[in-house]
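# Reading the structure
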Amino acid sequence: MERHCVDHNTIVETFEKALNAGFIQATDYVEIWQSYLDYLRRRVDFTKDSSKELEELRAAFARALDYLKQEVEERFGESGDPTCSIMQNWARVEAHHCNNMQKARELWDNIMTKGNSKFANMWLEYYNNLERAHGDIQHCRKALHRAVMCTSDYPEHVCEVLLTLEKIEGTLEDWDIAVHKTEMRLSRVSEQRAKDAVLARQEEERAEQRKKSRAEKKAAKKVKKVKPGDKRKAEEEDEEDEEWGEEAEQPSKRPKGEEKLEDNEKDEMETEIGLFGRSTTSMAHTSARHKLPTTKEQPKVLHDTNKDSITVFISNLSFNMPDPEKQLRKVFSGCGEITDVRVIYITTKALSVVIVMFSFQMKKVP
């Protein structure tokens, strides 16, 4: 639009629409602001000490910083401008075009307080493009001394730049101060790096130990897996349960303290809750006392799905019920004629539990 000499008000309106376009990245807002600020800078006549266009440019820089902080950072969780490029451009405009070094230095102080003081490239950008280009030797030296003390990524680089400056423009006293400061700083950096190397090595050893421990646990789990034969037996028992339309229920877990109950308390509990929850010893004893038949002693009767509508299946009855077939016929005699009653005793060896179930067929549907 600027290239085609579009009216300034139209460009401003278009820029405001762009801010409401709903960009999906924080960097998109930074780019649109930079383009707009470049456009406003080209409108300023810097030969004049003050002008409407210059005030508009400064107001736009200030608004851009507020917008990125309040709108963009709140929405995306980041400013989109970690190196503060917009603030750097503002500082260059103030230093190069307006000769306002005080404002430029204030802007760079803000840049460094936003987490950039640990980077050597940021200090060298400030030194070369601001103080070296538009400042004086005292501010150049001050900037490099701060850089030596604050830089953590490449301190050797800024130390070399400081020593080079003092070689060319400094006095003998300036040189001695620079040498002492750089040597002291590099010594501390070497110590810190040695500590970091030890910590990194220890962390690698711990990671290797954790990896080895996981491998050992995994191998131990493989050893404890069920053997194929045992797994097949369990599957066969499940198939027998499914033939009668319902799988055998698992016994509930009992707290360790219940093992110390007296015999009379055990009997009372068994009468109340039935078979499930009995201890292995008590169950084995009761099973032997009643001499319950096992599934091997009973003829295997396949379930006929065609008779589901006239078949009644009952489970979880007490194994010590006297003459179960007679009582079952008596209870259900009012429902119609009973043609067949089958009593099924299932013993689950792995759990030492005896489950008593009944199934009977009626002549017709009542």
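Note that the structure is predicted; figures quoted are calculated from it, not measured. (Residues numbered from 1 in each chain as written. Predicted model: local features only at pLDDT ≥ 70, side-chain atom pairs only at ≥ 80, totals over all residues. Heavy atoms only, no water.)

## Focus: the nonpolar core
- With 51 residues, the main nonpolar core has Trp33, Leu37, Ile86 and Trp108 as its most contacted residues.
- Among the secondary structure elements, those contributing two or more residues to this core are α1 (8–19), α2 (26–42), α3 (52–76), α4 (85–97), α5 (101–116), α6 (120–134), α7 (137–150) and α8 (155–169).
- Residues Ile314, Leu317, Ile338 and Val341 belong to the second largest nonpolar core, which totals 5 residues. (Core = buried A, V, L, I, M, F, W, Y, C linked by side-chain atoms within 4.5 Å. Buried < 20%, exposed > 50% of the residue type's maximum accessible area, 1.4 Å probe, protein only. Helix = DSSP H or I, 4+ residues; strand = E, 2+ residues; numbered from the N terminus.)

## Some points on the packing of α7 against helix α9 (residues 172–223)
- Taken N-terminus to C-terminus, the directions of α7 and α9 make an angle of 20°; their axes are 9 Å apart at the nearest point. In terms of orientation, α7 and α9 fall into the roughly parallel class. Crossing of α7 against α9: the hand is left-handed. The segment α7 lies against α9, with Arg141, His145, Val148, Met149 and Cys150 engaging Asp174, Ile177, Lys181, Arg185 and Arg188.
- Of the residues belonging to the contact of α7 with α9, the class tally is 4 nonpolar, 1 polar and 5 charged. (Axes fitted to C-alpha atoms, helices over the stretch in contact; angles between N-to-C directions. Parallel < 35°, antiparallel > 145°, perpendicular 65-115°, else oblique. Left-handed = near helix turned anticlockwise from the far one by under 90°. Contact = heavy atoms within 4.5 Å. Nonpolar A, V, L, I, M, F, W, Y, C, P; charged D, E, K, R; others polar.)

## Some details on the packing of aromatic side chains
- A complete count under the given rule lists 11 aromatic pairs for this structure.
- Aromatic pair Phe23 and Tyr29: ring centres 5.1 Å apart, planes at 80°, arrangement edge-to-face.
- Judged by relative accessible area, which is 3%, Tyr29 ranks as buried.
- Taking the centre distance of 6.1 Å and the plane angle of 55° together, the rings of Tyr29 and Phe76 count as tilted. Taken as a pair, Tyr29 in helix α2 and Phe76 in helix α3 lie far apart in primary sequence, 47 residues in all. (Phe/Tyr/Trp six-rings, centres within 6.5 Å; stacked < 30°, edge-to-face > 60°.)

In short, shape yes, function no, at least from these values alone.
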